[in-house]
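Secondary and tertiary structure notes
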Amino acid sequence: GEIAIGIHDLSIASTEYVLTHATLAAQNGAPVGKYERGIGQLSMSVPALDEDIVTMAATAAAPIVERHGADRIRTVVFATETAVDQAKAAGIHVHSLLGLPSATRVVELKQACYGGAAGLQFAISLVHRDPAEQVLVIASDVSRYDLGSAGEATQGAAAVAMLVSAAPAVLRVEDPSGLFTADVMDFWRPNYRTTALVDGRESISAYLQAVEGTWKDYTERGGHPLGAFRAFCYHQPFTRMAHKAHHHLLNCCGREVDDAAVAHAVGHTTAYNAVIGNSYTASLFLALAALLDNADDLSEQAIGFLSYGSGAVAEFFAGRVVPGYRAHLRSAAHRAVVSRRHDIDYARYREIHEHAFPADGGHHPVPHETTGPFRLAGLSGHKRIYEPR
Ligand code: CAA
């Protein structure tokens, strides 16, 4: 029969600093309940000056390489929408920091927050072609909006690394996928900007349309009925969005919608995103990590995944949890990713937000701030220099 392919190992990383929404609310006069209950966010990760998508990615991937070795990794797929270079794939820096073999292909993928799910699907195809190979899929992003904008409360930063292989220990990814693309300008970032532009209301309705569109295609292709799923992992730009999305899906299916049913379906999936914030491509997989780390035994249960990337592309697919998966989780390390961060005050956050490296090609060392395993050491001759800490 079909060989099982999916997630063999999964590891998350975030930043040195964290800004609470209580601090943001005290600064801008918003009621803190708007953030904590209205959008479902308690705090957001803020990268130190010597942290970025590469250092988070390498930090997430290092324990995977340590556990499984790199002998079977032939491909590194790096998904991001906050690239550090317009040409070179950020994954090459990670490949170098982790000492991966030269007989590897490395590539970067982009389609807003959908890139991580695209990377997972590409990885599955590659493993299908040669089940002896493994693919390291990394999704890493720093979400940034203008100071004082509505989007500011939905910033965050994180990376997830996943080892995709045959006979996976954690999650088997199933066919079919439900697909949806529509040309909308709900969220975008022109090449000359470091912060994203967004039409907030439009983005939420575009997301909900995509939920409907993917589910329609998924059903037409013979996917599971709604009742077959134990839980749903949604892309979470803010965690209330998962509730909105599931509410909408139940509505589309003509189901009775009550808050308890929605909470049962998405409950555990929001634990990390609520305190880390939007991590764009990584967000969907932080939802999976939170579910696996916090729910009771999910062996053989079907999990629904809805990836949404503004612009917009979405995909719905099912995964089935592999019996014995708990022995392979990194729950304690994941909780430490959240708890190790240091609170910063508004002034420090603002200083970091406004910081821009000079673009003069000169030699610019970066101050030592991160206590993580990798850092951005500096810029020199228009090149970014990374090093183990
Ligand atoms: N107590 C409890 N709840 C409160 C409250 C209070 N005191 N005050 C307000 N609220 C509720 C509001 O009722 C609202 O809930 P509903 O939507 O359920 O009605 C919620 O808090 C937010 O309030 P507003 O809509 O007034 O907030 P806002 O205008 O500041 O914007 C936002 C919120 C649109 C999410 C904005 O933060 C934003 O633009 N974020 C970036 C865009 C985004 O994340 N879009 C999501 C879909 S796009 C996507 O998924 C891709 C991606 O990653 C970007």
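Residues numbered from 1 in each chain as written. Predicted model: local features only at pLDDT ≥ 70, side-chain atom pairs only at ≥ 80, totals over all residues. Heavy atoms only, no water.

The next point concerns the environment of Leu-379. In this fold, Leu-379 is placed in strand 17 (residues 374-380). Overall, Leu-379 belongs to the buried group, its relative accessible area being 13%. Apart from residues no more than four positions distant in its own chain, Leu-379 is found in contact with Phe-357, Pro-358, Gly-362, His-363, His-364 and Arg-384. (Helix = DSSP H or I, 4+ residues; strand = E, 2+ residues; numbered from the N terminus. Buried < 20%, exposed > 50% of the residue type's maximum accessible area, 1.4 Å probe, protein only. Contact = heavy atoms within 4.5 Å.)

What follows covers the sheet that holds strand 16 (residues 364-365). Taken together, three strands build an open sheet; the order of strands is 16-17-18 and the sheet is antiparallel. If you trace the sheet from one side to the other, it starts and ends with strand 16 and strand 18 (383-388), each paired once. Relative to strand 17, strand 16 runs antiparallel, the two being bridged by two bridges. Paired with His-364 across the bridge in strand 17 is Leu-379. The sheet strands contacting helix 3 (residues 53-68) are strand 17 and strand 18, and the helix crosses strand 17 at an angle near 150°. Its contacts with the sheet put helix 4 (residues 90-97) on strand 17 and strand 18, and the angle it makes with strand 18 is roughly 30°. (Pairing = 2+ DSSP bridges. Axes fitted to C-alpha atoms, helices over the stretch in contact; angles between N-to-C directions.)

It is worth spelling out the site of the ligand at this point. Looking at the ligand, there are 25 residues lining it, with Ala-150, Arg-201, Ser-203, His-235 and Lys-244 nearest. Here a nitrogen atom of the ligand and a backbone polar atom of Gly-33 are 3.4 Å apart. Between Ser-203 and the ligand, the recorded distance is 2.8 Å, taken from a side-chain N or O atom to a nitrogen atom. A total of 1,100 Å² of accessible area belongs to the ligand in isolation, and the protein chains cover 72% of it. At the level of elements, helix 2 (32-39) and helix 6 (200-220) are the ones that each hand at least two residues to the shell around the ligand. The element contributing the most residues to the shell around the ligand is helix 2, with five residues. Class assignment for the residues of the shell around the ligand results in 12 nonpolar, nine polar and four charged. (Near = heavy atom within 4 Å. Polar contact = N/O pair within 3.5 Å; in protein donor to acceptor, adjacent residues only side chain to side chain. Areas by Shrake-Rupley, 256 points an atom, 1.4 Å probe, with all protein chains shown as cover. Nonpolar A, V, L, I, M, F, W, Y, C, P; charged D, E, K, R; others polar.)

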